[in-house]
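# Overview (structure and organization)
These are the residues of each chain, in order.
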Amino acid sequence: MNKYRIPENLAISDSGFLFLASTGETFSVNEIGKEILKGIQLHKTDEEIINDLLNDYDIDKQSLQKDFDDFILQLQKNNLALL
Amino acid sequence: MNTKNKYERPVINKFYSGMMNKFGSQTIASPLKEIEGKRLNDLTDKFGSPLFVLSEKKIRQNQKSAIRIFKTRYPKVQFAWSYKTNYLNAVCKIFHQEGSWAEVVSEFEYEKAKLLGVRGENIIYNGPEKSRESLITAIKDRAKIHIDHFDELYDLIELTDELKLKARVAIRVNMDVGIFPKWDRFGFNFENGEAHQAIRRITAQKNLELIGLHTHIGTYITYAESYKVAASKLMNLANWIYDEYKITIDYIDMGGGFASLNTLKGQYLPAEQTVPSLDQYADAIANGLLEVRYKGEELPTLYLETGRALIDDAAYLISTVIANKRLSDGTRALIIDAGINFLFTSFWYKHKISQATEADAHTENTAIYGPLCMNIDCINEGMNFPAMKKGEKIVMEYVGAYNMTQWLQFIKMRPNIIMIMNDGSIELVRKAETLNYLLEQELLPLKLT
């Protein structure tokens, strides 16, 4: 069970636009990407986030787990998720 | 009833300032689910993956269209199918049925053409290596022997004297047509007089009949005007032959080298925007030949050995995703079950690659690797591609030229090749190799058993 955190100066808009004020970098995420980030922002664990998504979306756990891990790697690469 | 929302994998894209160009970049990928009405998954379920798929209809269309394009610009045209480009029997047979002769560059290709029913006189025998045995056969068959170098010329002089038979010959001529690289390793040079010297030698022999001139200026030539230069130089040489010896040659063979719609690696614009159309090549060649007025008794026939441009878009390679990976720099990577061993042309082409199923609308820069345990096994270093799941299919287009001849049996056995026929049926035209196929050629010394 992991709990990630996002940089304090990361702004997330409702449309999925991200602005990292410390570097000026901008990103876009899709709906599910945004929900993951919101989950992290609410200090949820990875399991809690995955279970929330499983309740809401038509996807099996294994596929979601894979996509989640891959997304976290992308966030970490861009310094948007810290353990 | 399922009331859950439709799932889409989570995606993040970083915005870069100053990275756009006026053409933009494609972010939505469209799948290729069917080939001529056949679902790709159905094809691989039956014939396995990877799988080469050929289209009879497309091959015939390409050949018919090429004949029409050239015949509307030059009165006498004859195509000869370039065996080395794809020498599958099924492919060669279709070209022969469409009126194409055979252009071969090796002894086994020569024999293959004969087995397919091509008459010797309709075989053009090219290439730098022709064994004495094969030359004897070609002389007896009255094939058109295109001499590549002086040693071959001396062999022919000797053989025709021994056999007391006449050989029907042409010379391959290399020349400067303003392109790089200059292909001067084949044939006799035009500018330095070597070609003229070869012709002097041939015309002095009672058993050598000079019937044509041949050139092949290069491969994937994207500057059509080079063919005009080549055609006019050969026509000038034909006029010199007529002036000197009063010999009217039967034909001028312009070889091949027309580009297909594959984009070269390192090429900025896609091939659709850079490759000349067949009409442009035909214009250049016909103008080059006709602008130099031929002095002989009858206009020579134009021979063409077009390969790539007639077959590349008639074949597909279907492959299956084995795994997804992230490289150390975060780049996404796909591993598929077809590598460079089956897709040799991926060394120089950025092949058009599509997913076979509906996928995410979002694409990501993705490197595509083959299954070989070799670092060089990279099909594409990076292209926008949607996320794929293990087991899903992707398809590579424009793979008909050279892949089914230059492919390697390396680490994996070569796969099935099927052809979708004009009537919609599917025929297996080359069986996948097996371990027995491999072992058939091996001998284990008794001492080692």
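First, a word on what this report is: a plain description of the structure on this page. (Residues numbered from 1 in each chain as written. Chains lettered and ligands numbered in written order. Predicted model: local features only at pLDDT ≥ 70, side-chain atom pairs only at ≥ 80, totals over all residues. Heavy atoms only, no water.)

## Looking at a nonpolar patch on the surface
Residue and element names in this part refer to chain B. To be explicit about the condition: Residues form patches when they are more than 30% accessible in relative terms and have no salt bridge. Like charges link within 9 Å. Nonpolar side chains (Val, Leu, Ile, Met, Phe, Trp, Tyr) link within 5 Å. Computed with the Shrake-Rupley method and a 1.4 Å probe, the accessible areas treat only the protein chains shown as cover for residues. Within this document, salt bridges are pairs made up of a side-chain nitrogen of Lys or Arg and a carboxyl oxygen of Asp or Glu, the two lying within 4 Å of each other. Helix and strand labels come from DSSP, where a helix needs a run of H or I of at least four residues and a strand needs a run of E of at least two; each type is numbered from the N terminus. Only protein chains enter the accessibility calculation, which uses a 1.4 Å probe; a residue whose area is less than 20% of its type maximum is buried, one above 50% is exposed, and one in between is partly exposed.
A contiguous nonpolar surface patch, about 630 Å² in accessible area, is contributed by Phe347, Trp348, Met374, Ile376, Leu408, Phe410 and Ile411. Topologically, Leu408 is positioned in the loop between helix H12 (403-406) and strand S22 (417-420). Given the relative accessible area of 37%, Leu408 is considered partly exposed.

## Focus: the sheet that holds strand S1 (residues 10-12) of chain A
Convention followed: The criterion for strand pairing is that DSSP finds at least two bridges linking the strands in question. Inter-axis angles, ranging from 0 to 180 degrees, are taken between N-to-C directions of lines fitted to C-alpha atoms, where helices are fitted over the stretch in contact.
The antiparallel open sheet is built from four strands, whose spatial order is S1(A)-S2(A)-S3(A)-S1(B). Pairing within the sheet leaves two strands with one partner each, and these edge strands are S1 of chain A together with strand S1 (12-14) of chain B. When strand polarity is set aside, the average angle formed by the axes of neighbouring strands in this sheet is 25°. Bridge count between strand S3 (residues 25-29) of chain A and S1 of chain B: three bridges; the pairing is antiparallel.

## Describing the packing of aromatic side chains
Residue and element names in this part refer to chain B. Spelled out, the test is: Classification of ring pairs uses Phe, Tyr and Trp, with its six-membered ring standing for Trp, and accepts pairs whose centres are within 6.5 Å; under 30 degrees between planes counts as stacked, over 60 as edge-to-face, and the remaining range as tilted.
Overall, the coordinates contain 20 aromatic pairs over all chains when judged by the stated rule. Between the aromatic rings of Phe52 and Trp407, the centroid separation amounts to 5.7 Å while the plane-to-plane angle is 75°, which identifies the pairing as edge-to-face. Of this pair, Phe52 sits in strand S4 (residues 51-55) while Trp407 sits in the loop between H12 and S22, and the two are 355 residues apart along the sequence. In this pair, the class of Phe52 matches that of Trp407, namely buried. Site record: aromatic cluster; members linked through ring pairs are Phe70, Phe79, Tyr227, Phe258 and Tyr281.

## Things to note about the pattern of salt bridges
Applying the stated rule across the entire model yields 27 salt bridges over all chains. Asp279 of chain B serves as the salt-bridge partner of Arg73 of chain B, at 3.2 Å between the closest nitrogen and oxygen. Taken together, the residues span a long stretch of sequence, with Arg73 of chain B in the loop between helix H2 (56-71) and strand S5 (77-82) and Asp279 of chain B in helix H10 (residues 278-291) at a distance of 206 residues. Classification of Arg73 of chain B as partly exposed rests on a relative accessible area of 25%. As a salt-bridge pair, Arg430 of chain B and Glu433 of chain B come within 3.3 Å of each other at their nearest N and O atoms. In this structure Glu433 of chain B comes out as buried when scored by relative accessible area, which is 7%. Among the charged side chains, a salt-bridge network with shared partners connects Asp70 of chain A together with Arg9, Arg326, Arg332 and Glu364 of chain B.

## What about the packing of helix H1 (residues 31-41) of chain A against helix H3 (residues 61-77) of chain A?
Residue and element names in this part refer to chain A. Which entries qualify depends on this criterion: Orientation labels follow simple angle bins: below 35 degrees gives roughly parallel, above 145 gives roughly antiparallel, 65 to 115 gives roughly perpendicular, and whatever is left gives oblique. Contact definition: two residues touch when any of their heavy atoms are within 4.5 Å.
The contact between H1 and H3 brings their axes to 11 Å, and the two run at 70°. Considering their axes alone, H1 and H3 lie roughly perpendicular with respect to each other. Residue-level inspection shows Gly33, Ile36, Leu37 and Ile40 of H1 in contact with H3, the latter providing Phe68, Phe71, Ile72 and Leu75.

## Overview of the environment of Lys295 of chain B
All names here are of chain B. Filter applied, for reference: Whenever two N or O atoms come within 3.5 Å, that pair is a polar contact, provided that in protein one can donate a hydrogen and the other can accept it, and provided that, for residues adjacent in sequence, both atoms are side-chain atoms.
With respect to the helices and strands, the residue Lys295 is situated in the loop between H10 and strand S14 (301-304). Separated by 56 residues in the primary sequence, Lys295 and Asn239 place their C-alpha atoms 5.8 Å from one another. Excluding anything up to four places from it in sequence, Lys295 contacts Asn239, Tyr242 and Asp243. Of the polar contacts made by the side chain of Lys295, one reaches the side chain of Asp243; its length is 2.9 Å.

## As for unusual backbone geometry
What you tend to see is this: most non-glycine residues have negative phi, and most peptide bonds are trans. All names here are of chain B. Put simply, Ser49 and Pro50 share a cis peptide bond, and its omega is -5°. With respect to the helices, strands and loops of the structure, Pro50 is situated in the loop between helix H1 (40-47) and S4. Of note, Glu36 is a non-glycine position whose phi angle comes to about 45°, a positive value. Position of Glu36 relative to the elements: it lies in the loop between strand S2 (34-35) and strand S3 (38-39). A positive phi angle is found at Lys164, which is not glycine, with a value near 55°. Looking at the secondary structure, you find Lys164 in the loop between helix H6 (150-163) and strand S9 (167-174).

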